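# Geometric and topological summary
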Amino acid sequence: MTDRAKIIEILKKESKFYLISHMLPDGDSIGSLLAMGEGLQKMGKDVRLFAPGYIPGKYRFLEGTESIVHEVLVNDPDITMIVLDSSDPDRLGIFKDAVLKSKVIINLDHHVTNQRFGSLNYVDSNAAATGEIVYGILQELQVELNRSIAESLYVAISTDTGSFKYENTTPHTHRVVASLLEAGLNPGALSQRIFDERPLSFYMLMKVAISGLEMYEGRRIAVMTLSRDLRESSGASTDDLEGIVNYTRNIEGVELGILFYVESEQEVKVGFRSKTLDVSELAGNLNGGGHIRAAGCRLQGDFQTVKERVLRESRKMLNEPGV
Ligand SMILES: [Mn+2]
């Protein structure tokens, strides 16, 4: 019997579940958490939802976000844990210890790097999002899709595929989404809300970032610089930082985009975006990490020193790719 089949059995048989998503909750982790939670509730199960972090404002319209708990759960051996979209237990933050003490941990994920820390692991790295995996499980459990489950899964899948633009988007992804649309959601309104609309504070901060734009290496590297002071004086939140770095990569001819965020006199956060380079390797050389086209690191030191070091590593990577 595969782990997937065993998981289906447990979901049918057991009655109490705690569902946990990862730190810095993103669209996939929140959407998967809500959809799985509502699906199990529709089967008459007793379900509680947990997230070790703040839910970004743009996702709070999803039904059920208000019931997500952020404090440490009380451990009870009768409760089955379902961990979603988390490649390793450290991603569970304050919930890590309570989860690891449980007898049954169901690990549902799509990250290639998943450490298979569950007692049952269903990890499918061909899935574009954990939301696709949750969709398959709910189908198998014969849970009928309603509008709120469909919206949660749409948010999960559309965010992890960059609105169906990233290379992880497959024919299967589109088939899943087709059945979500059949459940009656409005993709235009949802996408407007998740991808296009941003608070005015974001644009005020963007204005500052653009005015300081610098180009290097024959305009193949674009650099933006922001600081905590600039962010605070523009009224922007740290949520608003997310996304600004993407604009560096979107400039025509740019191969590598960098955003420096000066946290303090002794610490700088660096975000990398690329079109074809492996920036997870670049970030890795600087004690950071991430994905192939989107990665980052956090460096100690004053801004000028950090900037010179990062630009030196970046030039090296750009001029000798694959070496
Ligand atoms: Mn994901």
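Throughout what follows, the structure given in this document is the object of discussion. (Residues numbered from 1 in each chain as written. Predicted model: local features only at pLDDT ≥ 70, side-chain atom pairs only at ≥ 80, totals over all residues. Heavy atoms only, no water.)

## Brief notes about the overall build of the protein
For the protein, the count of helices and strands is 13 helices and 11 strands. In terms of C-alpha radius of gyration, the protein reaches 21 Å, essentially the compact-globule figure of 20 Å for 323 residues. Along the first, second and third principal axes, the C-alpha set of the protein runs to 60 × 40 × 40 Å. The buried share among the 323 residues of the protein stands at 51%. A separation threshold of at least 6 residues defines the contact pool for the protein, and within that pool the share at least 24 residues apart is 63%. As presented, the protein carries roughly 15,200 Å² of accessible surface, and 49% of it is formed by carbon and sulfur atoms. Here the protein contributes 36 positive and 45 negative side-chain charges, whose respective centroids are spaced 1 Å apart. (Helix = DSSP H or I, 4+ residues; strand = E, 2+ residues; numbered from the N terminus. Rg over C-alpha atoms; globule rule 2.2 N^0.38 Å. Buried < 20%, exposed > 50% of the residue type's maximum accessible area, 1.4 Å probe, protein only. Contact = heavy atoms within 4.5 Å. Areas by Shrake-Rupley, 256 points an atom, 1.4 Å probe, with all protein chains shown as cover. Lys, Arg positive; Asp, Glu negative; His and termini not counted. Charge placed at Lys NZ, Arg CZ, Asp CG, Glu CD.)

## Some points on the coordination of the manganese ion
Distances from the manganese ion to its protein donors, namely D28 (OD), D85 (OD), H110 (NE2) and D160 (OD), fall within the range 2.1 to 2.3 Å. We note that the donor set of the manganese ion lies within a single chain, spaced as D-x56-D-x24-H-x49-D. Placement of D85 in the loop between β3 (80–84) and α3 (96–100) and of H110 in the loop between β4 (105–109) and β5 (120–123) is noted, with a sequence separation of 25 residues between them. An identical accessibility class is assigned to D85 and H110; each is buried. (Donors = N, O, S within 2.8 Å, 3.2 Å for Na, K, Ca; no water.)

## Remarks on the packing of aromatic side chains
Counted by the stated rule, this structure contains 6 aromatic pairs. An aromatic cluster of three or more residues is present, and its members are Y18, F50 and F95. Just above the ring of F202 sits the side chain of R198; from NZ or CZ to the centre is 4.4 Å. (Phe/Tyr/Trp six-rings, centres within 6.5 Å; stacked < 30°, edge-to-face > 60°. Lys NZ or Arg CZ within 6 Å of the ring centre and 35° of its normal.)

## What about helix α13 (residues 303–319)?
Under the 1.5 Å per step criterion, the end-to-end length of α13 is 24 Å for 17 residues, consistent within 8% with the ideal 24 Å. What α13 keeps buried is the set V306, K307, V310, L311, E313, S314, M317 and L318. The buried residues of α13 occupy an angular sector of 165° when projected down its axis, which confines them to one face. In this fold, the buried residues of α13 make contact with β6 (214–216), β7 (221–227), β8 (256–264), β9 (267–274), α12 (279–285) and β11 (294–300). Two or three places before Q304, at the opening of α13, D302 has a side-chain oxygen 3.3 Å from that residue's backbone nitrogen. (Expected span 1.5 Å × (residues − 1). Arc of directions from axis to C-beta. Polar contact = N/O pair within 3.5 Å; in protein donor to acceptor, adjacent residues only side chain to side chain.)

## Examining the packing of helix α4 (residues 130–140) against helix α5 (residues 147–160)
At a closest axis distance of 8 Å, the pairing of α4 and α5 adopts a crossing angle of 145°. Here α4 contributes G131, E132, V134, Y135 and L138 to the contact with α5, which in turn contributes I149, L153, A156 and I157. The residue makeup of the contact of α4 with α5, split by class, is 7 nonpolar, 1 polar and 1 charged. (Axes fitted to C-alpha atoms, helices over the stretch in contact; angles between N-to-C directions. Nonpolar A, V, L, I, M, F, W, Y, C, P; charged D, E, K, R; others polar.)

## What about the pattern of salt bridges?
Under the defined criterion, the tally for this structure stands at 12 salt bridges. Salt-bridge contacts for R147 lead to E63; the nearest nitrogen and oxygen are separated by 3.5 Å. Linking R147 in helix α5 with E63 in the loop between β2 (46–50) and β3, this pair joins segments that are 84 residues apart in sequence. What makes R147 partly exposed here is its relative accessible area of 39%. One salt bridge in this structure joins R228 and E263, with 2.6 Å as the shortest N-O distance. Here E263 lies in strand β8 and R228 lies in helix α9 (residues 228–233), a separation of 35 residues in the sequence. (Salt bridge = Lys/Arg side-chain N within 4 Å of Asp/Glu carboxyl O.)

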